[in-house]
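# Tertiary structure, described
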Amino acid sequence: MKIAFIGLGNMGAPMAANLVAAGHDVTGFDVAGVTVDGVAQAGSGPEAASGAEVVITMLPNGAILRRVADELIPAMAPGATLVDCSTVDVDSARAVADQAQAAGLGFVDAPVSGGVGGATAGTLTFMCGGSADAFATAQPLFDIMGQKAVHCGEAGAGQAAKICNNMILGVTMIATCEAFALADKLGLDRQKMFDVVSTSSGYSWTMNAYCPAPGVGPKSPADNDYKPGFAAELMLKDLGLSQQAAEAVDADTPMGAAALALYRRFVEDEDGKGRDFSAMLPRFETRSRG
Ligand code: NAD
């Protein structure tokens, strides 16, 4: 398939490389001039997009996506499909979907879970919104870049699934970390805490698969001095998107709001920037109630 890939950053570069490795003809563009082995370099986004059957974007946020889509959509061939894999606000996903549809193009919002490790290994999970036809066009590419693609509904449904998932993740990570810090102060051994909780009703992905305590549970960023992994500032971004969406539809999300406030403080006022989001545990360890 002839594919354009716009945004070759930490995630986009390995995703594009996997498409090339599977035999696809990929032309890429990134404003930072990034190049990827096997990906033909275009001088602009529209140059990469013209003639492509599928155009994939992997960009930092919704404002940039809207700007890039304004340029790409007029350059795309009629009947082509735009697949946005960035994590953006639901409104931006729906606005770009409308614009693509008006131009006779397919659109899928397909944010991912799995991080840079999943992008490199080709084991991402794609959460997708858009028409059944557009999803069917993109599905073989999701199968190369990932291990699972769920068609969640109409345009915006992928972003909705992503921010709901990550709101649970942020809240659960905080709960797991504060419980470990409490257990420490109660004199409970961390390994015993893990042995009990990981097989009891407090179990979660953050405890069982990504344990924030070093030396406990499977290997995780905690065992690598809290180097990301999934950086605290990316969690802050996703919690901000979930609160923005909650405000837009008047949903009551007090735990999501508390998690956003805590990650904001951690990233903006404390030492959280550049650390994994599980570094909430050493943060709680050094604090008291006051
Ligand atoms: P990144 O900053 O490494 O990559 C984004 C790339 O987009 C950069 O290389 C940048 O130069 C490029 N770019 C910016 N404006 C552009 C433009 N106008 N035209 C072309 N290229 C442009 O970010 P990333 O970590 O690759 O994340 C990309 C997206 O994936 C984000 O929306 C992020 O929230 C989401 N995401 C990231 C992770 C992760 O672990 N890194 C996990 C899941 C989802």
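Above this text sits the structure in question.
Summarised in this report is the structure supplied together with it. Worth saying up front: this structure is predicted, and the values here are computed from it rather than measured. Here the residue numbering is sequential within each chain, running from 1 through the sequence in written order. Side-chain atom pairs in this predicted model are given and counted only at pLDDT of 80 or more, local residue features only at pLDDT of at least 70, and totals for whole chains, interfaces and linings cover all residues. Hydrogens are left out, water is left out, and the side-chain values use all remaining heavy atoms of the structure.

### What about the environment of Thr-125?
Rules: For helices the rule is a DSSP run of H or I covering at least 4 residues; for strands it is a run of E covering at least 2, with both sets numbered from the N terminus onward. Partly exposed describes any residue whose relative accessible area lies between the buried limit of under 20% and the exposed limit of over 50%, with all areas from a 1.4 Å probe on protein chains only and scaled to the type maximum. We call two residues contacting when some pair of their heavy atoms lies within 4.5 Å.
On the secondary structure map, Thr-125 appears in strand S8 (residues 124-130). Accessibility expressed as a relative area gives 22% for Thr-125, which makes it partly exposed. As a C-alpha pair, Thr-125 and Gly-106 span 19 residues in sequence and 21 Å in three-dimensional space. When sequence neighbours within four positions are dropped, the list of residues in contact with Thr-125 reads Pro-111, Val-112, Ser-113, Gln-147 and Lys-148.

### Overview of helix H11 (residues 254-268)
Selection rule: Working rule for helices: expected span equals 1.5 Å times residues minus one.
With 15 residues, H11 extends 21 Å from end C-alpha to end C-alpha; this agrees with the ideal 21 Å at 1.5 Å per step. Residues of H11 that are buried include every one of Gly-256, Ala-259, Leu-260, Leu-262, Tyr-263, Phe-266 and Val-267, and no others.

### Side note on the pairing of strand S9 (residues 146-153)
Note the threshold: Strands are labelled as partners when DSSP assigns at least two bridges between them. Seen with its strands pointing away from the viewer, a crossover is right-handed if its path from the first strand over the helix to the second goes clockwise.
In the sheet, S8 pairs with S9 via 6 bridges, with the strands oriented parallel. The partner of Met-127 across the bridge, within S9, is Val-150. Handedness of the S8-helix H6 (residues 132-145)-S9 crossover: right-handed.

### Brief notes about the site of the ligand
Cut-off, in case you're wondering: A molecule or strand has a residue near it when one of that residue's heavy atoms lies within 4 Å. Any N or O atom pair separated by 3.5 Å or less is treated as a polar contact, with the protein-specific requirement of one donor-capable and one acceptor-capable atom, and with residues adjacent in sequence counted only for side-chain atom pairs. Here the open area of atoms and residues is found with the Shrake-Rupley method and a 1.4 Å probe, where only the protein chains shown may cover a residue. Only protein atoms enter the 1 Å grid used here, on which a cavity is any set of points holding a 1.4 Å probe that cannot leave and a pocket is any open set flanked by protein within 12 Å on both sides along at least five of seven lines; residues with an atom within 4 Å of a point are listed as lining. Put plainly, a molecule is in a cavity or pocket when over half of its atoms are within 2 Å of the grid points there.
Around the ligand lies a shell of 22 residues, among which Asn-10, Met-11, Asp-30, Leu-59 and Lys-237 are the nearest. In the environment of the ligand, an oxygen atom lies 2.8 Å from a nitrogen or oxygen atom belonging to the backbone of Leu-59. Within the backbone of Pro-60, a nitrogen or oxygen atom sits 3.5 Å from an oxygen atom of the ligand. Considered on its own, the ligand offers 840 Å² of accessible surface; in the complex 83% of this is hidden by protein. A molecule is said to occupy a pocket when more than half its atoms come within 2 Å of that pocket's grid points, and by this definition the ligand occupies the largest pocket. Only helix H3 (62-75), helix H5 (115-121) and helix H10 (232-249) provide two or more residues apiece to the shell around the ligand.

### Topic: the pattern of salt bridges
Rules: We count a salt bridge whenever a side-chain nitrogen from Lys or Arg sits within 4 Å of a carboxyl oxygen from Asp or Glu.
Per the stated rule, a full pass over the model turns up 6 salt bridges. The shortest N-O distance in the salt bridge between Arg-190 and Asp-184 comes to 2.7 Å. In this structure Asp-184 comes out as partly exposed when scored by relative accessible area, which is 29%. Ionic pairing is found between Asp-271 and Arg-275, a salt bridge with its closest N-O pair at 3.2 Å. Under the relative-accessibility criterion, Arg-275 is labelled partly exposed at 21%. Overlapping salt bridges, with partners in common, bring together Arg-265, Glu-270, Arg-283 and Arg-287 in one network.

### Here we look at the pairing of S8
In terms of burial, S8 is a largely internal element, 6 of the 7 residues being buried. Here strand S6 (residues 106-109) runs beside S8; their pairing, made up of 2 bridges, is antiparallel. When the sheet's bridge partners are listed, Val-108 is paired in S8 with Gly-130. Where strand S7 (residues 112-113) and S8 come together, 2 bridges link them in antiparallel fashion. Along S8, the bridge assignment pairs Ser-113 with Thr-125.

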